[in-house]
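If you want the building blocks of each chain, they are given just below.
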Amino acid sequence: MSTASNLPMPNPRQVNGFLVTVSLPPTLSASHLCRGDIFTLPANPNQHLTVETIAPHPEIGSRLTITTNDMPISFTLHIDEPVQPVRMPRTMRVTCRLCGAATDVDLDLVTHGEPKIWICSRH
Ligand SMILES: [Zn+2]
């Protein structure tokens, strides 16, 4: 089994510095989802769901109530339920390893991976 897809990779899209990211695993727990994310459920991988709202269930703390743009009714998922992320746009604050300066970068965590190391363009 190859682990090559999980190795840290430079992200050439950043113009104001150098960012090393680590690929997301193919599935994440539902608690990682935010409004605007696109995901599929493992049982139905062809149906892309776009999160409209996501909130803790009012009575069952271990579940999330999710509404999507794609289904007329809301549904609940356990916070640890695996989902397959398709798009997870985020603005992440990264801190330069060399000078400590903070910068906000816009990423799609699915396409670009999670930020691990940031070196700003002053170096
Ligand atoms: Zn720096």
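Heads up: the structure comes first, above all this text.
The present account deals with the structure reproduced in this document.

Rules used in this analysis
Positions within a chain are numbered from 1, following the residues in the order the chain's sequence is written. Where totals are concerned, whole chains, interfaces and linings use all residues; where local detail is concerned, this predicted model gives features only for residues with pLDDT of at least 70, and gives and counts side-chain atom pairs only at 80 or more. Water and hydrogen atoms play no part in the side-chain values, which are based on all heavy atoms of the structure. At least two bridges found by DSSP between two strands are what make those strands a pair. Put simply, DSSP marks the helices as runs of H or I at least four residues long and the strands as runs of E at least two long, and each gets a number from the N terminus on. Listed donors are limited to N, O and S atoms within 2.8 Å of the metal, widened to 3.2 Å for Na, K and Ca; water is not among them, so incomplete-looking sites are possible. When four donors show all angles between 85 and 135 degrees the site is tetrahedral, when four or six donors have opposite pairs over 155 degrees and all other angles between 65 and 115 it is square planar or octahedral respectively, and in every other case it is irregular. Here, a salt bridge means any side-chain nitrogen of Lys or Arg that lies within 4 Å of a carboxyl oxygen of Asp or Glu. Relative accessibility thresholds used throughout: buried, under 20% of the residue-type maximum; exposed, over 50%; partly exposed, between the two (1.4 Å probe, protein chains only).

1. Overview of the sheet that holds strand β7 (residues 75–78)
Then step 1. Pairing is antiparallel across the open sheet formed by six strands, whose spatial order is β3-β8-β4-β5-β6-β7. This sheet does not close on itself; its edge strands, each paired only once, are β3 (28–29) and β7.
Then step 2. Sheet analysis places strand β4 (residues 38–41) next to strand β5 (residues 44–56), joined by three bridges and oriented antiparallel. For Ile38, the partnering residue across the bridge sits in β5 and is Thr50.

2. Remarks on the coordination of the zinc ion
Then step 1. Donor atoms from the polypeptide that coordinate the zinc ion comprise Cys96 (SG), Cys99 (SG), Cys120 (SG) and His123 (NE2), at 2.0 to 2.3 Å from the metal.
Then step 2. Taken together, the four donor atoms coordinating the zinc ion and their angles of 98 to 117° define a geometry best described as tetrahedral.
Then step 3. The sequence motif formed by the donor residues of the zinc ion is C-x2-C-x20-C-x2-H. In this pair, Cys96 is assigned in the loop between β9 (89–95) and β10 (102–108) and Cys120 in strand β11 (residues 114–120), connecting sequence segments 24 residues apart.

3. Focus: the pattern of salt bridges
Then step 1. Going through the model one piece at a time under the given rule, you end up with three salt bridges.
Then step 2. The partner of Arg35 in a salt bridge is Glu52, and the shortest N-O contact between them spans 3.6 Å. Of this pair, Arg35 sits in the loop between β3 and β4 while Glu52 sits in strand β5, and the two are 17 residues apart along the sequence.
Then step 3. Its relative accessible area of 59% is what places Arg35 among the exposed residues.
Then step 4. In this structure Glu52 comes out as partly exposed when scored by relative accessible area, which is 30%.

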